[in-house]
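# Notes for the structure review
Each chain is listed here by its residues.
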Amino acid sequence: MEYTMDVFFRQTWTDERLKFSGPTEILRLNNLMVSKIWTPDTFFRNGKKSIAHNMTTPNKLFRIMQNGTILYTMRLTINADCPMRLVNFPMDGHACPLKFGSYAYPKSEIIYTWKKGPLHSVEVPQESSSLLQYDLIGQTVSSETIKSNTGEYVTMTVYFHLQRKMGYFMIQIYTPCIMTVILSQVSFWINKESVPARTVFGITTVLTMTTLSISARHSLPKVSYATAMDWFIAVCFAFVFSALIEFAAVNYFTNLQTQRAMRKAARAAALAAALSAATVPAEDEIVLHSDSNCNLKKRVNSVTSQADQSPETSIISNSASQCQPVSVLAPAPLPPPPVGGTSKIDQYSRILFPVAFAGFNLVYWVVYLSKDTMEFFEPTAMHLRNDHQSN
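Described in the following lines is the structure provided in the data block. (Residues numbered from 1 in each chain as written. Predicted model: local features only at pLDDT ≥ 70, side-chain atom pairs only at ≥ 80, totals over all residues. Heavy atoms only, no water.)

## Re the packing of helix α3 (residues 195–217) against helix α4 (residues 228–278)
Note the threshold: Axis angles are defined between N-to-C directions and span 0 to 180 degrees, where every axis is a line fitted to C-alpha atoms and, for a helix, only to the segment in contact. Strands here are runs of E lasting at least two residues and helices are runs of H or I lasting at least four, both read from the DSSP assignment and numbered beginning at the N terminus. An angle below 35 degrees is treated as roughly parallel, one above 145 as roughly antiparallel, one from 65 to 115 as roughly perpendicular, and anything else as oblique. Left-handed describes a crossing whose near helix is turned anticlockwise from the far helix by less than a right angle; the clockwise case is right-handed.
Between α3 and α4, whose axes approach to 10 Å, the crossing angle comes to 165 degrees. On the basis of the axis angle, α3 is roughly antiparallel to α4. In this structure, α3 crosses over α4, and the sense of that crossing is left-handed.

Structure (structure tokens):
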């Protein structure tokens with residue numbers, strides 16, 4: 001990552017060749033005189049691009065004191081590199097360094113020091129510390145020696161401690177994700193027979209979480225590891241997807257229960273028909289049949305013997321005009337009992353899903369808001385972490 005800052009860079013050194021005496025204690029010279037004397041070859045080691053302001057004239061200040069002390073000030077806009085590890089994004093903090101030193105003079109020829117000490121050498125005005133995405137919570141300084149093939153060089157480093165603001169991400173990412181998960185859990189209270197409504201709930205919330213995940217990735221660089229926001233979105237997506245799977249399970253077991261009820265009802269109807277046929281007495285049996293001449297015959301069997309039967313006990317009708325069709329109605333099967341009520345899976349889900357999601361939010365926010373997320377990349381700046389934690 002890169003950051004840009006506008007600074008007034010002040011350097012002071014002593015050149016005994018420029019000592020003078022007279023009534024004037026300070027010589028206020030034009031900036032064109034800088035090219036006539038020796039100046040340090042200071043450069044910014046992690047700078048990407050630096051601009052010296054020249055409007056309306058070069059923004060430089062040049063002063064010489066009687067003892068040969070020189071004050072050289074210039075206004076610069078520096079674009080510097082800031083290594084960031086976004087594991088805790090967007091609750092992350094970073095110590096962005098600004099490194100400068102001599103380009104050609106080694107430690108044996110020039111040494112840089114902080115004139116006002118490590119606490120007051122770098123000043124940031126209050127009106128300049130307001131940023132859109134970060135809060136500038138402070139700055140620290142350090143110095144180190146870097147070895148190279150041409151010698152050892154003194155490097156001065158200023159660390160600007162930046163803490164990311166979470167307002168944008170709470171509004172654009174976290175709140176929509178939480179509301180989407182809550183919306184997906186509303187489907188547990190919808191009747192299980194309302195298949196279209198619950199299907200729309202599940203698919204819509206899954207697509208919404210996918211859209212939020214894609215839009216969240218546009219607000220940070222493409223990194224190969226998961227950030228804190230990625231974990232939150234992944235867990236929310238898992239809750240939403242689990243709600244859709246829960247309805248699939250409810251629908252499957254409901255259909256299975258309905259099929260079992262239908263088979264049970266069919267067996268009960270068959271058993272009832274068999275029992276009703278077996279309970280009809282043989283002596284009350286009425287047999288109706290028609291012969292080939294459409295003659296209807298009716299025989300009534302009684303408990304009396306055939307010898308005592310009178311000729312009138314058998315009635316035979318040979319009249320074709322009295323021939324009536326005979327229909328025998330089979331007993332209708334009983335309808336299956338309705339499978340109603342609330343599924344036990346829905347009853348458990350109404351409790352387990354909200355409790356699990358609330359527990360996840362509690363652990364997530366407690367862990368990330370209570371830990372120190374300030375990232376330091378320089379080994380020599382590890383003591384600055386301890387100072388930051390003590391403050």
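## Thoughts on the environment of lysine 99
Operational definition: Burial classification: accessible surface area is computed with a 1.4 Å probe over protein chains only, and a residue below 20% of its type maximum counts as buried, one above 50% as exposed, and the rest as partly exposed.
Relative to the elements of secondary structure, lysine 99 occurs in strand β7 (residues 93–102). Look at lysine 99 and you get buried, because its relative accessible area is 14%. Separated by 42 residues in sequence, lysine 99 and valine 141 have C-alpha atoms that sit 9.9 Å apart.

## A short note on α3
Let me state the cut-off plainly: What a helix should span is 1.5 Å times the count of its residues minus one. Between two residues, a contact is recorded if the distance between any of their heavy atoms is within 4.5 Å.
Relative to the 33 Å expected for 23 residues at 1.5 Å per residue, α3 spans 34 Å between its end C-alpha atoms, a close match to the ideal helical length. All buried positions along α3 are accounted for by Arg198, Gly202, Thr205, Val206, Met209, Leu212 and Ala216. Elements that come into contact with the buried residues of α3 comprise α2 (167–186), α4 and α5 (344–370).

## Here's the deal with the pattern of salt bridges
How we decide: When a carboxyl oxygen of Asp or Glu lies within 4 Å of a side-chain nitrogen of Lys or Arg, that pair is called a salt bridge.
Inspection of every chain in the model, using the stated rule, returns 8 salt bridges. Between lysine 165 and aspartate 135 there is a salt bridge; the shortest N-O distance is 3.7 Å. Taken together, the positions of lysine 165 in the loop between β9 (151–164) and α2 and aspartate 135 in strand β8 (residues 134–148) put the pair 30 residues apart, joining distant regions of the chain. We note a salt bridge from arginine 217 to aspartate 230, for which the minimum N-O separation is 2.5 Å. Placement of arginine 217 in helix α3 and of aspartate 230 in helix α4 is noted, with a sequence separation of 13 residues between them. Sharing partners across several salt bridges, the network here consists of Arg198, Glu246 and Asp346.

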